[in-house]
Every structure is written in structure tokens, then in C-alpha cells.
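Architecture at a glance
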Amino acid sequence: MPDESDMKTNTLENKSVQKIDIVKVKGNESFPYTDDLSVEEPLEIRISYGSNEHRETKNISVTMRTPGNDAELAAGFLFTEGIISGYHQIQNIGQPQAECSRNRDNIIEVELVDDFIPQLKNADRNFYTTSSCGVCGKGSIESIKTVSTFQHIEREQYTLSYETLYRLSGNLQSFQNNFSTTGGIHASGIFDFKGQLLALREDVGRHNALDKLIGHALFTGQLPLKDKILVLSGRASFELIQKAAMAGISVVAAIGAPSSLAVDLAKEFDMTLLGFLRDNRFNIYNESSFHRIIEK
């Protein structure tokens, strides 16, 4: 089982949940109540790169996130966007010392190794954060193929039983500490093919939860995640499948629905994509890859 302290990092830090006094109404009665809310704050991701003589600092992105695991989020974001290709390109990561204390909590700076030039041209591809930004379909898929480190990864033979699949959504939800507290947060979890949860991250942004998870895998030397199953607490968007493809993940199971572009991308990368995984049922969106792994 996953390390319990790892699963509860955000809760123990007491940064991801905020208590607020509200009025609760039930029927014709109302009463004061203390509610738990998921915290949402901006995180500015910066990179520092260049030589000892001259280093440049650049603001890469601002994302709305749940505080906690910010270093994993920044590293995972840089990796899934193709700006870096591995952990060895990171020299240091943390909050900038020069900022005032209030701002420092919402800024993370990634210092890259000397003389490494990040692939900032890849940043022009898609720093989108919502589904309404007008990302073009086929062009976006082609651009991902050009930056994915694991695009030609060889798929090994793994088998997965229906019983294991049916347990995944319940196992994910049982470890969603902040969701059970607030009811308003997304989760991404990595499982092995026996259905054991290996790591989980939560965030108000579904893409941030996955970046945190991939950042964790980057820090611990687990990439590519070709022998793992990614389980998403909600729907499977194009952006999430893109990040999964960048991490070499071969199986994605979502409790919600996929988008049409997510299905196209999964087929392009020969990725098994399942949706509506709950209540002992699911939909298969890439049939050929599914029949390759399911236990006969």
C-alpha cells in the first residue's frame, strides 16, 4: 500500500483546506455551520537557466492550484510541456529568497543545470488551462508527438483483470482525503496492474493533480510509467491524455467521460482509454489496445 504520510501530505500541511462559517439550510430550517473549502491560490512557475556568468529568469506560467506539493507541480508541468526531458536537468527547485514572505508562498522557481537551454519553443504549443481556449485538434496531436520523450516506447505485455479494474475507482476515492473533507477537488492516482495504489495527488485543477503526480514520478526515477495505470477522478480531457502520453502511461481509466480529442490522442499513442469506470462498468474507447492487456 502507499505510504500513509505521502497520501496525507496536503492535509497535514493544513494549506489545502480552509474552514469558513456559513449558514446551512435543510427543509424550512437554517443553522450556523462550519464548512471546509478547498483552497485555490495562484502559483507562478519560474525557471532560471544559463551559465554561471549569466543566468536568465523567466516566468513560464501562472496556474490556479491547491497549495501543497508545489515543487512536484512545477517539475511535472515543465516535463509534460516538453520544456525539460528529465530530472537531471533540474539543479534546484524552491521559493525565491528575494520575494516578500506573502508572495513567496505562491512562487516556485526551478533552477536548471548550467548551460542547459530549455525548449521554450514548446511553451508556445499550448499553455491552455481551460477547455474553451480553442486548441486545434490534429495540429495539437502532431505537436505532442514531436516533444514526447516516450513516443516510441515499446509496449510490454501486461495483463489486467476485470475485477482489478472494477476496484480502481473505489480505491482512488478511499484515499482522497481532501475530497472527503470538501467535496470539491480532483485526484489523479497511479496504480500497478494488481490494483495497488502507489501514489495519489489532489488539486482543484485536474491538470495540476496530474502534474503533481508526474512530478513525483520524475523525482523518484519512475518514468516512464509504462507498467502503471492512471486513474482520474473526473473526465479525461485532451490535456490530461497529453500529460499521460508524455509520462509514457499506457492505460488511463477515468471515472468520467473522455472528450473526442482525448480519444484521438489515445489512439495515436496506442493508449488504452477507459471512461465511466464506476459501479462495475466502463466504456472502452480504444478497443484494440484494451484487448491486448485484458486478462482472458
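Shown above is the structure to which this text applies.
Residues numbered from 1 in each chain as written. Predicted model: local features only at pLDDT ≥ 70, side-chain atom pairs only at ≥ 80, totals over all residues. Heavy atoms only, no water.

1. Side note on helix α3 (residues 70-80)
Of all eleven residues that make up α3, ten are buried, and the element is covered over most of its length. Among the residues making up α3, those that are buried are Asp70, Glu72, Leu73, Ala74, Ala75, Gly76, Phe77, Leu78, Phe79 and Thr80. Looking at the residues trailing α3, positive phi occurs at Gly82, about 75°. (Buried < 20%, exposed > 50% of the residue type's maximum accessible area, 1.4 Å probe, protein only. Helix = DSSP H or I, 4+ residues; strand = E, 2+ residues; numbered from the N terminus.)

2. Thoughts on the side chain of Thr80
Within the secondary structure, Thr80 sits in helix α3. For Thr80, a relative accessible area of 0% translates into the label buried.

3. What to know about the nonpolar core
For soluble globular proteins, nonpolar side chains are generally found buried alongside one another. Residues Ile84, Leu230, Ile241 and Val252 are the most contacted members of the largest nonpolar core, which totals 50 residues. The set of elements that each furnish at least two residues to this core consists of β3 (41-50), α3, β6 (107-112), α8 (206-219), β9 (229-232), α9 (238-246), β10 (251-254) and α10 (260-268). Leaving out residues up to four positions away in the same chain, Ile241 has contacts with Ala236, Val252, Ala262, Leu265, Ala266, Met271 and Leu273. Among the nonpolar cores identified, the runner-up in size contains 20 residues, and Leu165, Phe193, Ile293 and Ile294 belong to it. (Core = buried A, V, L, I, M, F, W, Y, C linked by side-chain atoms within 4.5 Å. Contact = heavy atoms within 4.5 Å.)

4. What to know about the side chain of Asp70
As for its placement among the helices and strands, Asp70 is situated in helix α3. Among residues more than four places away in sequence, those in contact with Asp70 are Leu43, Arg65, Asp105 and Ile108.

5. Looking at the pairing of strand β4 (residues 55-65)
Where a strand is regular, its side chains alternate between the two sheet faces. Two elements, β3 and β4, share ten bridges in a ladder whose sense is antiparallel. Of the residues in β4, the one forming a bridge with Leu43 is Thr63. Hairpin remark: β3 followed by β4, antiparallel, with four residues in the connecting loop. (Pairing = 2+ DSSP bridges.)

6. Quick notes on the packing of aromatic side chains
Aromatic rings in a pair are described by how distant their centres are and how their planes are angled relative to each other. One pass over the structure, following the stated rule, counts seven aromatic pairs. Relative to Phe219, the ring of Tyr87 lies with its centre 5.4 Å away and its plane at 70°, an arrangement referred to as edge-to-face. Here Phe219 lies in helix α8 and Tyr87 lies in the loop between α3 and β5 (90-94), a separation of 132 residues in the sequence. What makes Tyr87 partly exposed here is its relative accessible area of 43%. Assessed through its relative accessible area of 26%, Phe219 is described here as partly exposed. Pairwise contacts between aromatic rings join Tyr162, Tyr166, Phe282 and Phe290 into one cluster. Lying over the aromatic face of Tyr33, Lys24 brings its terminal NZ or CZ to 4.5 Å of the ring centre. (Phe/Tyr/Trp six-rings, centres within 6.5 Å; stacked < 30°, edge-to-face > 60°. Lys NZ or Arg CZ within 6 Å of the ring centre and 35° of its normal.)

7. So, the sheet that holds β3
A sheet is described by the order of its strands in space; here four strands give the open sequence β4-β3-β6-β5, paired in mixed fashion. Where the open sheet ends on each side, the last strands, each with one partner, are β4 and β5. Across the sheet, the axes of successive neighbouring strands diverge by a mean angle of 20°, strand direction being ignored. Across the sheet, α3 lies against β3, β4, β5 and β6, angled at about 110° from β4, the strand it touches most. (Axes fitted to C-alpha atoms, helices over the stretch in contact; angles between N-to-C directions.)

8. Structural notes on the pattern of salt bridges
Overall, the coordinates contain nine salt bridges when judged by the stated rule. In this structure, the salt-bridge partner of Arg46 is Glu44, at a minimum N-O distance of 2.6 Å. The buried category is assigned to Arg46, whose relative accessible area is 15%. With a closest N to O distance of 2.9 Å, Arg55 and Asp114 form a salt bridge. Of this pair, Arg55 sits in strand β4 while Asp114 is found in the loop between β6 and α5 (137-147), placing the two residues 59 residues apart along the sequence. On the basis of relative accessible area, Arg55 is assigned to the partly exposed category, the value being 25%. (Salt bridge = Lys/Arg side-chain N within 4 Å of Asp/Glu carboxyl O.)

9. Section: the packing of α9 against α10
As a packed pair, α9 and α10 sit with axes 8 Å apart at the nearest point and diverge in direction by 20°. It follows that α9 is roughly parallel to α10 by the angle criterion. With respect to the hand of their crossing, α9 and α10 are arranged in right-handed fashion. Where α9 approaches α10, its residues Phe238, Ile241 and Gln242 are matched on the opposing element by Leu261, Ala262, Leu265 and Ala266. Here the residues of the contact of α9 with α10 are counted per class, giving six nonpolar, one polar and no charged. (Parallel < 35°, antiparallel > 145°, perpendicular 65-115°, else oblique. Left-handed = near helix turned anticlockwise from the far one by under 90°. Nonpolar A, V, L, I, M, F, W, Y, C, P; charged D, E, K, R; others polar.)

Just distances and angles here, no functional claims.
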